[in-house]
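Structural overview for review
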Amino acid sequence: MWTPTEEEKYGVVICSFRGSVPQGLVLEIGETVQILEKCEGWYRGVSTKKPSVKGIFPANYIHLKKAIVSNRGQYETVVPLEDSIVTEVTATLQEWASLWKQLYVKHKVDLFYKLRHVMNELIDLRRQLLSGHLTQDQVREVKRHITVRLDWGNEHLGLDLVPRKDFEVVDSDQISVSDLYKMHLSSRQSVQQSTSQVDTMRPRHGEACRIPVPHHFFLSLKSFTYNTIGEDTDVFFSLYDMREGKQISERFLVRLNKNGGPRNPEKIERMCALFTDLSSKDMKRDLYIVAHVIRIGRMLLNDSKKGPAHLHYRRPYGCAVLSVLDVLQSLTELKEEKDFVLKVYTCNNESEWSQIHENIIRKSSAKYSAPSASHGLIISLQLLRGDMEHIRRENPMIFSRGLAITRKLGFPDVIMPGDIRNDLYLTLEKGDFERGGKSVQKNIEVTMYVLYADGEILKDCISLGSGEPNRSSYHSFVLYHSNSPRWGEIIKLPIPIDRFRGSHLRFEFRHCSTKDKGEKKLFGFAFSPLMRDDGTTLSDDIHELYVYKCDENSTFNNHALYLGLPCCKEDYNGCPNIPSSLIFQRSTKESFFISTQLSSTKLTQNVDLLALLKWKAFPDRIMDILGRLRHVSGEEIVKFLQDILDTLFVILDDNTEKYGLLVFQSLVFIINLLRDIKYFHFRPVMDTYIQKHFAGALAYKELIRCLKWYMDCSAELIRQDHIQEAMRALEYLFKFIVQSRILYSRATCGMEEEQFRSSIQELFQSIRFVLSLDSRNSETLLFTQAALLNSFPTIFDELLQMFTVQEVAEFVRGTLGSMPSTVHIGQSMDVVKLQSIARTVDSRLFSFSESRRILLPVVLHHIHLHLRQQKELLICSGILGSIFSIVKTSSLEADVMEEVEMMVESLLDVLLQTLLTIMSKSHAQEAGEYVSCLLSLLRQMCDTHYQHLLDNFQSKDELKEFLLKIFCVFRNLMKMSVFPRDWMVMRLLTSNIIVTTVQYLSSALHKNFTETDFDFKVWNSYFSLAVLFINQPSLQLEIITSAKRKKILDKYGDMRVMMAYELFSMWQNLGEHKIHFIPGMIGPFLGVTLVPQPEVRNIMIPIFHDMMDWEQRKNGNFKQVEAELIDKLDSMVSEGKGDESYRELFGLLLLEKVEQETWRETGISFVTSVTRLMERLLDYRDCMKGEETENKKIGCTVNLMNFYKSEINKEEMYIRYIHKLCDMHLQAENYTEAAFTLLLYCELLQWEERPLREFLHYPSQTEWQRKEGLCRKIIHYFNKGKSWEFGIPLCRELACQYESLYDYQSLSWIRKMEASYYDNIMEQQRLEPEFFRVGFYGRKFPFFLRNKEYVCRGHDYERLEAFQQRMLSEFPQAVAMQHPNHPDDAILQCDAQYLQIYAVTPIPDYVDVLQMDRVPDRVKSFYRVNNVRKFRYDRPFHKGPKDKENEFKSLWIERTTLTLTHSLPGISRWFEVERRELVEVSPLENAIQVVENKNQELRALISQYQHKQVHGNINLLSMCLNGVIDAAVNGGIARYQEAFFDKDYITKHPADAEKITQLKELMQEQVHVLGVGLAVHEKFVHPEMRPLHKKLIDQFQMMRASLYHEFPGLDKLSPACSGTSTPRGNVLASHSPMSPENIKMTHRHSPMNLMGTGRHSSSSLSSHASSEAGNVVMLGDSSMGEATEDLYHHMQASPSSSSLSSTHSAPSQMITSAPSSARGSPSLPDKYRHAREMMLLLPTHRDRPSSAMYPAAILENGQLPNFQRALFQQVVGACKPCSDPNLSVAEKAVPAAPSSWSLDSGAREAQPFLSAHTGCIMAPPVPPRSLLHGHYSLHFDAFHHPLGDTPPALPARTLRKSPLHPIPASPTSPQSGLDGSNSTLSGSASSGVSSLSESNFGHSSEAPPRTDTMDSMPSQAWNADEDLEPPYLPVHYSLSESAVLDSVKAQPCRSHSAPGCVIPQDPMDPPALPPKPYHPRLPAVEHDEGVLLREEAERPRGLHRKASLPPGSTKEEQARMAWEHGRGEQ
């Protein structure tokens, strides 16, 4: 049974639990759980990560922790009972974990690794804390490290700063806002200084008493490597200052044996020392570690004869040095031991031994040498910082190694009171001795003893160095053969203080012989007492001692014998009467020098100090002695502090009158000495003295008297140094006074109490007097006052011992009140005064509420004055902060209410004023201080305070001013971000205080300013504040983590909701005054409703209804609300506010309200349009902020822009979005679209002089100027977009304006511009774009795309596959639909994205231009693909049963025509489809179109060859004829016969009789045309190609014979075909029908757009086949099906050809056009009859193909037949491959034009040029030159054969209701053979290349001259006017054979997958000539191909794709050409 747990409440998961049982709770290791119940080894509870999910988990998976449970029961809260910092580390690490991973994702690798390191450190530190094995100091240090790392990580991750106190997180409720602010500041500084290791503590005010941090060097000798000494050695280490040339530390001695190990085995691994007490100044000195090596052994190292082996001497060996400065940097960084090797050098000359270290440092290498490379000392060093106690705590291991403390010579910077020391450092300097009759110099050894007065040698009073025990005697080292030795060896003499007096030193000098006995002979001695007769010790100096002669027999037993002698010169002068007959004679020529240095806290070398301490011995000199005390050094005074003070007070008691003032001055001097940082640590000694040892019970009277006398003198004296010193000593003087009085009271049982009190009061009167003096003109007085004010707060604690709190407070109030106001004193005094007040506030006195009541008014008065004058603001803020801190801590006391009341009255107003001033200057720190003060005050205020505050205002104006101020401060507080973004605690507390304050003040606002006294300004200020408050970033809880959100909500609730309720209720209180805030507050309120907090939205949205209602009442409409709401909504949504749920809620709430109104219709309409606007704005924002593509952004912007214009008519917004859209187009380099976009704005402007204001980037200017500037810019963009036709009308418009203004300069410029555009049209090459229809289906698309279809203008070179890929990358979630059918409702309504994409064909509007024969193709090309609004695509399908024998019987075409909302190009690259029309084309109609198209293609081709002046290459004609005849022979259109000429079909479809007749006539016509074609072919055929021609003739005879039965007159037709015919049965060959097999080859991904009326069909595939290859699978243009995969793959890869390729691949230069009107004319005037035959062969203008897919034909072996390969090799050039198998290049290459045969082709009226509703320019064609009458009225009746049978009249039968589209020639057609019009024949002219190939021949900037044009049918040929320029050039043959051979070079490839042998060309830099075929990749050619190659070599290569031909020939040539035409015809 589950029972609630009592103890087990909180635990940590120690093993992951998968929750594999029912109700199991999934837990990860490390998670924490709260346990609710338990049952048999299982717990039930929740994870703290997901507190809402309860479950069960095994008890043994949980480690229990102690916890505090509050509110037991269902809603209990559990807090783990652990150190709060451990909890914080845990929570922080969990928060960091996810952010840390994000750093890696965002490539912030550096921070990623740093943070990982810090997290590992935190885990380790947390482990140490939890272990519980640390000392308190260690815990503190670990916590410090933790907090530094936590703050560092939080800052770098952008998390909140955590305010702390003593490493604990503070509770903002427990402290004042000022303190919280300071904690934030200190936390921020600790983050910034996290690198610094030392915490420095300092008092809040007062002297800067920062202790200098001592440094210590830890040195350890690791080893001494040597191999030549072989004797014991002593190594002395010391610190040496090179700059001063002296040793600064004691020596550290290491004694080593001859093996290099320590002589004492216990010292192994313990040869270490600590050089202590080095100051920062020392660390900057040029310090060296010097090691002197002294060997102990024979006199000469390598000479065993010198001296006996048993005698050992100390002999110098070598020295090593290490520069401290060189290693200091690495030691500071390392913070651990580091090893160094010191090389040992020996001295070349022993007499210079004392300077060897200096020589080594100076690198005087002549004076030392290195005995061997292996000699060296290996030492390790470590730098430590801090006092010794700290060092001991931190490094216990160092001290456990027998560490030798090596002190500095002399005292450290700071002398600690307990530091007892009595060391005399003696340096053996040098000696000068006589030879004594010897031939060589002596080897002198000095022995020294310390002897006491009784002659006893003192034991252990000599130390050679630290690290070794003391000894009783000292033996110097011996310098070999030196009578003037220089030792320079320092010995320390630690003589006990009690033995110092009377002791003396004796030095004995011996000569060490090196003879056999090796004895040491005594020859002299010297001595020196340690103390002089006057009691002072030996002075720190060099002393020359007298040397006295003696020998071994002399006895020193009676020391009195020599002590009576003078030891030195000074001594000798002192006692001249020395008898000469003494036992010891002085050697006058010998001398001995020593120097001493005393470091003692007990002995003095100062005579004056000694005289003072023994004053009774010199009673007459007391005045002088007291006066000389000032000259005693501070070190001496602090050493004898207690003795000196005792002496002074004894002297004072002895004679107060006489010595009082001098003692007072001496006391002041000593007190001020202790203010020095060096002696600051002696203050406790002074305090202890006063408390425990001071006994001057009467001293207070004299001290008060002297002090008062000093004060009173300050007004008169000019020099006031002594007075200022007394003022500075005030604290200790009062301590003495008070303690003295206490002692006196104790002794006398409180006598003279009144006198004491009155004397203190008089003293305070004197103090007030000093402070009240005007010091502006006296600097000395100023310093006196400053000194007094500085010391004044320090005496409070002393006074409190004698007086009550109130009394002391009164004293202080009187003193502070006596200070002159800020006006009457200078600034420096001002500062001192405020600092004094600050220290008063910080003092213990101020913490008593009784004293605060007295002191607060005077303190507030001074602060008030300063704030009024804006002086010393930082100090004032500090004082206020302290006051608020005290008030907060005492807030439970009753008196606090009164104090807060006082502060409100005095400070609130001036604080607000100060803040406004500071904020206007943007002083961040001052602002932060004062804001925290203001908030502290407001937080302390309760109802009563607010009530009093509001009641105290005398008038409403005052109240108004106050409200305006406080609202303004609050607003600035939120706007200026006074507190940094990461001070979340501070910001939330601020918000809480503001909302509370506003709730108090809003009632006053409502009460006083609503009815008759309504004040707009106050209300507006209030509303602005509320709006700003709700919008604060720190209150937007949605963006923070859930844990943090819960914490905030638990503590403060959602303050936005609180403020929203307040705001709403105040709005309701306004009543009829609401109208004043319409429309002003609409924007701000809208901003509030956009906050993502449902409750706030629910509260605030209804206000808009209120506004509408009030405006409706007043104005009868709510236009203002409408305008403002729309305006603001736009800017706010684009800033990122608002979301879909807001849109829904907005509509819902307002519609609900509006429903009940009388004006509901307008209201509903408005609300609906606003929600629709929001829909678009949200889409727009999502597009802009996301990584969306340009297309999406542009589409979105267009959508929004149109909405502003059409639906809500907001012109300004509309214009803004015009410019945004324009910028986007420019960014995407859509210059044409950018121009159209700007044109929208241009159209809104008139050519008027009306002035316009500054707007966007436009300056203020007239409307005319702005329009002119816009026109110029638009023209420039049209030029960049190569849309010159659109720019020309604008040029004209500008020209018209310039002309009317007679601005001829501008006119000239614009006319030249216009002219240059005409040149560009004719000379520059332009690519024609593809068009694609895109359907966006599914609810996941943005609103502006959802379930709509668009037609898009593709980019240059973009094919269907590339476009589809682009669309799918723009909509990565979208799925491409695989069929062209319209989607059903399921797809439209599903939550997904479907894209349906296929290519469409444009249906141009400008048909007239395209029908004009003499218009160059470059001009026509533009009108085929521009200003297009209609597009078409075809889809084949079967109707009824499918005939397996002949599928064409049931194959229909579904033709869809799409009409767009606007023409392309326009303001966007795509427009929505406005209307779609479906037409079904029957199989018969389809057949008619196919045959007709092929006929037209043949006619055009034959016409061009027929009128050629010279023989040319006729490959294209050969291929075309072969394609049609061979297809007809091999099956071809026989299928059409079977299908439609069958009796069964005719009877079933009587209505089709006319169409059947038409099809028959077309077939007959085809035979006519073929006949003429063969005749032309025969004329031009190359001899080597004769076999082909013969084959064609034979096949034509067969074809004609096969059709004979159907059309009896055919056998008489063509003279060119008169050879014998071989009938092939009933097969009509012109087009191969589409079989099911063929259909399968269509690309299955895209719909097939097949030709109907305006389509070209393809010829039979079999038309390519030579005699070797039989029929080949083909695909007719009029059919389509699903492709099988393998065929599809073949189609991609194979270069084999399809007749379909012809429909796409012919470049536009190939075919010339017939005059457009000729084809529609039913009859021809007779005078033109002679031209009939020619005319019949002229092609018509046709449209482009619209099918998206044309698969290639596949031959059996995947290769082209030889014949076609040869043709292909010559013709195709480097075609650019198309990545989409269903798109051939011809769609690019051949511009579409409506057929001139269409009945309604001209019916459509041209739209006006500037069409406002479409935003497009419909550029009319450039006006044509006038042509002669009859020029176009030609007829095709001329195509009659002389043999008789009249063919039917063609034009009448070929009229169509819809335009026909051109079929270009195939890419295999010789480019150069034909000119740039379009073929309209639908059969394949070449059938030689796959539809994958593409005749994109690059684009050259200038087309090369055409020398081979075959369109020799210039208009003059049938025009009466011979002078008109012919549109085509005469033909020249100029290319040599070598030029063709060059043509086999490879061309660069594009990235698309190219079919086998189609090589793309780089479009960027085309060659001047067309690309050359890629020879190596083609199969070997046979003999036929060789013939063709030679043919090719004789003709120049063709132009690039779309490079239409400019008229470049001379008039003479053209005239001659025309004349020859005429002659030929006759």
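Described below are features of the structure shown in this document. Keep in mind that what you see is a predicted model, and the values were worked out from it rather than measured.

Here we come to the pattern of salt bridges. Evaluation of the coordinates by the stated rule reveals 89 salt bridges. In this structure, the salt-bridge partner of K965 is E961, at a minimum N-O distance of 3.7 Å. Here E961 and K965 lie together in helix α32 (residues 956-976), a separation of four residues that amounts to about one turn. On the accessibility criterion, K965 (10% relative accessible area) is buried. Given a relative accessible area of 45%, E961 falls into the partly exposed group.

Now for the packing of helix α3 (residues 136-156) against helix α4 (residues 177-192). α4 packs onto α3 with a crossing angle of 90° between their chain directions and a minimal axis gap of 9 Å. Between α3 and α4, the angle is such that the two are roughly perpendicular. Of α4, the residues touching α3 (which contributes D151, W152 and E155) are S187, R188, S190 and V191. Here the residues of the contact of α3 with α4 sort into two nonpolar, two polar and three charged.

Applying the stated criterion across every chain yields a total of 69 aromatic pairs. Summarising the aromatic geometry, the rings of Y345 and Y368 are spaced 5.0 Å apart at their centres and angled 70° between planes, so their arrangement reads as edge-to-face. On the criterion of sequence distance, the pair formed by Y345 in strand β19 (residues 345-347) and Y368 in strand β20 (residues 368-369) is long-range, its members being 23 residues apart. A relative accessible area of 11% places Y368 in the buried class. Ring geometry for F1332 versus F1363: centroids 4.4 Å apart, planes at 15°, classification stacked. Remark: F1363 occurs in helix α49 (residues 1360-1370) and F1332 occurs in strand β33 (residues 1331-1337); sequence separation between them is 31 residues. Each member of the pair, F1332 as well as F1363, carries the same accessibility label: buried. The residue whose ring lies beneath K430 is F593, and the NZ or CZ to ring-centre distance is 4.8 Å. Cation over ring: R586 sits above Y546, and NZ or CZ is 3.8 Å from the ring centre.

As a further point, take the pairing of strand β23 (residues 422-432). Among the eleven residues in β23, eight count as buried, and that is most of the element. In this structure, β23 lies alongside strand β26 (residues 486-493), joined through six bridges in antiparallel fashion. Bridge pairing in β26 places Y425 opposite K492.

Strand order across the open sheet formed by five strands is β18-β21-β11-β15-β22, with mixed pairing between neighbours. In this open sheet, the two strands that pair with only one neighbour each are β18 (338-343) and β22 (404-406). Averaged over all adjacent pairs, the angle separating strand axes in this sheet is 30°, with direction ignored. For strand β11 (residues 215-225) and strand β21 (residues 376-385), the ladder comprises ten bridges, and the chain directions are antiparallel. Across the sheet, the residue bridging to L221 is I379, located in β21. Here helix α6 (residues 324-334) sits on the sheet and contacts β11, β18 and β21; the angle it forms with β21, its principal contact strand, is near 55°.

Right, let's get into a negative patch on the surface. On the surface, D540, D541, E544 and E570 cluster together into a patch of negative charge. Along the chain, D541 falls in the loop between β28 (520-529) and β29 (542-549).

Before going further, it helps to examine the environment of P1084. Secondary-structure assignment places P1084 in helix α37 (residues 1082-1089). Look at P1084 and you get partly exposed, because its relative accessible area is 26%. Here the alpha-carbon distance between P1084 and L1028, two residues 56 residues apart in the chain, equals 8.3 Å.

All right, on to helix α20 (residues 721-728) then. Within α20, the full set of buried residues consists of I723, Q724, A726 and M727. Projected down its long axis, α20 carries its buried residues within an arc of 160°, all on one side.

Residue placement: R315 occurs in strand β17 (residues 313-323). Only 2.7 Å separates the side chain of R315 from the backbone oxygen of V478, close enough to count as a polar contact. Those residues in contact with R315 that lie beyond four places of it in its chain are I294, R295, R298, M299, L300, E350, F477, V478, L479 and Y480.

Here the focus is the nonpolar core. By size, the foremost hydrophobic cluster in this structure holds 320 residues, and its most contacted members are F736, I883, F1023 and F1085. When residues in this core are grouped by element, the largest group, 14 residues, is from helix α29 (residues 895-921). I883 has contacts with V841, F846, L856, V859, L860, I863 and M903, leaving out every residue within four places of it along the chain. M448, I495, F500 and A526 belong to the second largest nonpolar core, which has 62 residues in total.

All right, on to the sheet that holds strand β30 (residues 586-600) then. As summarised here, the arrangement of the eight strands in space is β25-β24-β27-β28-β29-β30-β23-β26, forming an open sheet in which the pairing is antiparallel. Edge positions in the sheet fall to β25 (473-475) and β26, since each has one partner strand and no second. Here the average twist between neighbouring strands, direction ignored, is 25°. In this structure, β23 lies alongside β30, joined through ten bridges in antiparallel fashion. Looking across to β30, one finds that D432 is bridged to S591.

Right, let's get into the environment of T90. Mapped onto the secondary structure, T90 falls in helix α1 (residues 84-105). It is 8.5 Å that separates the C-alpha atoms of T90 and R126, two residues lying 36 residues apart in sequence. Within the structure, T90 has its side chain in polar contact with the backbone oxygen of V86 (distance 2.7 Å).

Turning to unusual backbone geometry, a few remarks are in order. Cis geometry is found at the peptide bond from I1078 to P1079, where omega equals 5°. Each neighbour pair has its own omega, and for L1464 with P1465 the value is -5°, a cis peptide bond. Assignment of secondary structure puts P1465 in the loop between β38 (1451-1464) and β39 (1470-1481). Despite not being glycine, E1229 has its phi angle at roughly 65°, a positive value. Note on placement: E1229 falls in the loop between α44 (1211-1227) and α45 (1231-1244).

Each value, and the rule that gives it
- Residues numbered from 1 in each chain as written.
- Predicted model: local features only at pLDDT ≥ 70, side-chain atom pairs only at ≥ 80, totals over all residues.
- Heavy atoms only, no water.
- Salt bridge = Lys/Arg side-chain N within 4 Å of Asp/Glu carboxyl O.
- Helix = DSSP H or I, 4+ residues; strand = E, 2+ residues; numbered from the N terminus.
- Buried < 20%, exposed > 50% of the residue type's maximum accessible area, 1.4 Å probe, protein only.
- Axes fitted to C-alpha atoms, helices over the stretch in contact; angles between N-to-C directions.
- Parallel < 35°, antiparallel > 145°, perpendicular 65-115°, else oblique.
- Contact = heavy atoms within 4.5 Å.
- Nonpolar A, V, L, I, M, F, W, Y, C, P; charged D, E, K, R; others polar.
- Phe/Tyr/Trp six-rings, centres within 6.5 Å; stacked < 30°, edge-to-face > 60°.
- Lys NZ or Arg CZ within 6 Å of the ring centre and 35° of its normal.
- Pairing = 2+ DSSP bridges.
- Patch = residues over 30% accessible without salt bridge, like charges linked within 9 Å, V, L, I, M, F, W, Y side chains within 5 Å.
- Areas by Shrake-Rupley, 256 points an atom, 1.4 Å probe, with all protein chains shown as cover.
- Lys, Arg positive; Asp, Glu negative; His and termini not counted.
- Charge placed at Lys NZ, Arg CZ, Asp CG, Glu CD.
- Arc of directions from axis to C-beta.
- Polar contact = N/O pair within 3.5 Å; in protein donor to acceptor, adjacent residues only side chain to side chain.
- Core = buried A, V, L, I, M, F, W, Y, C linked by side-chain atoms within 4.5 Å.

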